[in-house]
Amino acid sequence: MRIVLWLIPLLGSFASALPAAAQSKVNIEQNFADSLTALPKEELAVAGGFYVPAYSSVAMSQGKLRVDFSVTLSVHNASETQPLVVKRIAYFDTAGKQVESYLKAPVALRPLATVSIFIPTDDVRGGTGANFLVDWAATGEIAEPVVEALMVGGVANAHYAFISQGRPTRTATKK
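Residues numbered from 1 in each chain as written. Predicted model: local features only at pLDDT ≥ 70, side-chain atom pairs only at ≥ 80, totals over all residues. Heavy atoms only, no water.

## So, the overall build of the chain
Part 1 of the argument: Within the chain, the regular secondary structure consists of two helices and twelve strands.
Part 2 of the argument: When its helices and strands are written in sequence order, the chain yields α-α-β-β-β-β-β-β-β-β-β-β-β-β.
Part 3 of the argument: The proportion of buried residues among the 175 residues of the chain is 38%.
Part 4 of the argument: Here the contacts in the chain between residues at least 6 apart in sequence split such that 77% fall between residues at least 24 apart.
Part 5 of the argument: Of the accessible surface of the chain, which amounts to about 10,200 Å², a share of 58% is contributed by carbon and sulfur atoms. (Helix = DSSP H or I, 4+ residues; strand = E, 2+ residues; numbered from the N terminus. Buried < 20%, exposed > 50% of the residue type's maximum accessible area, 1.4 Å probe, protein only. Contact = heavy atoms within 4.5 Å. Areas by Shrake-Rupley, 256 points an atom, 1.4 Å probe, with all protein chains shown as cover.)

Encoded structure:
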């Protein structure tokens, strides 16, 4: 009996040290229903994309310590009047391999609305060089969306939070 009681905490700590299994699918359509609107019927004449660095793990203490971070990717429609169509949100690891795709089909964000993707601290599949690609489109001239990743984590009593801004991967142009 004592051996079993001793093994339970040991197995629990071992299980928490294992890499996170695939995160349950984020359902943007359901989780952010109030932020979405119907897809425009007009042709999507303007398109762009963002590359967003995200750090799910960071080496510290001369590389001897790894600190894991939760990551929240936010896609903001900066237009006050036009819907923004988000065509792709994809998450990649340090080696450039796609880890997750978060959209089954394009979605349209209401003016000034936001959608987010959350990756928990124990999901370290992205590694130190994780990143997102976000593709968007609109029916005409529109304020460029704001796309950022917020990382939050800590070790012992020290907590860290920082933002990584998305960088355009191509100029927003008319088709």
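## Here's the deal with the packing of aromatic side chains
Part 1 of the argument: In total, this model carries three aromatic pairs according to the counting rule given.
Part 2 of the argument: Here the aromatic rings of Tyr55 and Phe162 are separated by 6.0 Å at their centres, their planes lie at 45 degrees, and the arrangement is tilted. With Tyr55 in the loop between strand 2 (46–53) and strand 3 (57–60) and Phe162 in strand 11 (residues 158–165), this residue pair connects regions lying 107 residues apart in the sequence.
Part 3 of the argument: An aromatic cluster is defined as three or more aromatic residues linked by ring pairs; in this entry it consists of Tyr55, Phe69 and Phe162. (Phe/Tyr/Trp six-rings, centres within 6.5 Å; stacked < 30°, edge-to-face > 60°.)

## As for the pattern of salt bridges
Part 1 of the argument: Within this structure, the stated rule accounts for four salt bridges.
Part 2 of the argument: Where Arg66 meets Asp68, a salt bridge forms, and the shortest distance between an N and an O atom there is 2.8 Å.
Part 3 of the argument: Residue Arg66 is classed as exposed on the basis of its relative accessible area, which comes to 52%.
Part 4 of the argument: The network of salt bridges with shared partners includes Glu100, Asp123 and Arg125. (Salt bridge = Lys/Arg side-chain N within 4 Å of Asp/Glu carboxyl O.)

## Quick notes on the pairing of strand 10 (residues 146–155)
Each regular strand displays side chains that alternate between the two surfaces of the sheet.
Part 1 of the argument: Of the pairings in the sheet, the one linking strand 4 (residues 65–76) to strand 10 comprises eight bridges and is antiparallel in character. Among the inter-strand pairings, Val75 is bridged to a residue of strand 10, identified as Val147.
Part 2 of the argument: Two strands pair when backbone bridges link them, and strand 10 and strand 11 are joined in this way by eight bridges, in the antiparallel orientation. In the strand pairing of strand 11, Gly153 is matched with Tyr160. (Pairing = 2+ DSSP bridges.)

## Looking at the nonpolar core
Part 1 of the argument: Leu73, Val75, Val86, Ile89 and Phe132 are the most contacted members of the largest nonpolar core, which has 32 residues in total.
Part 2 of the argument: When contributions to this core are tallied by element, the ones reaching two or more residues are strand 2, strand 4, strand 5 (84–92), strand 7 (107–109), strand 8 (114–119), strand 9 (131–138) and strand 10.
Part 3 of the argument: With five residues, strand 4 is the largest single contributor of residues to this core.
Part 4 of the argument: If near-sequence neighbours (up to four positions away) are discounted, Phe132 is found in contact with Phe50, Tyr51, Val52, Ala54, Val71, Leu73, Ile89, Ala90, Tyr91, Tyr102, Ile117 and Ile119.
Part 5 of the argument: With five residues, the next largest nonpolar core counts Leu44, Ala47, Val85 and Ala108 among its residues. (Core = buried A, V, L, I, M, F, W, Y, C linked by side-chain atoms within 4.5 Å.)

## Comments concerning the environment of Gly154
Part 1 of the argument: Note that Gly154 resides in strand 10.
Part 2 of the argument: As a C-alpha pair, Gly154 and Phe69 span 85 residues in sequence and 7.4 Å in three-dimensional space.
Part 3 of the argument: Apart from residues no more than four positions distant in its own chain, Gly154 is found in contact with Val67, Asp68, His159 and Tyr160.

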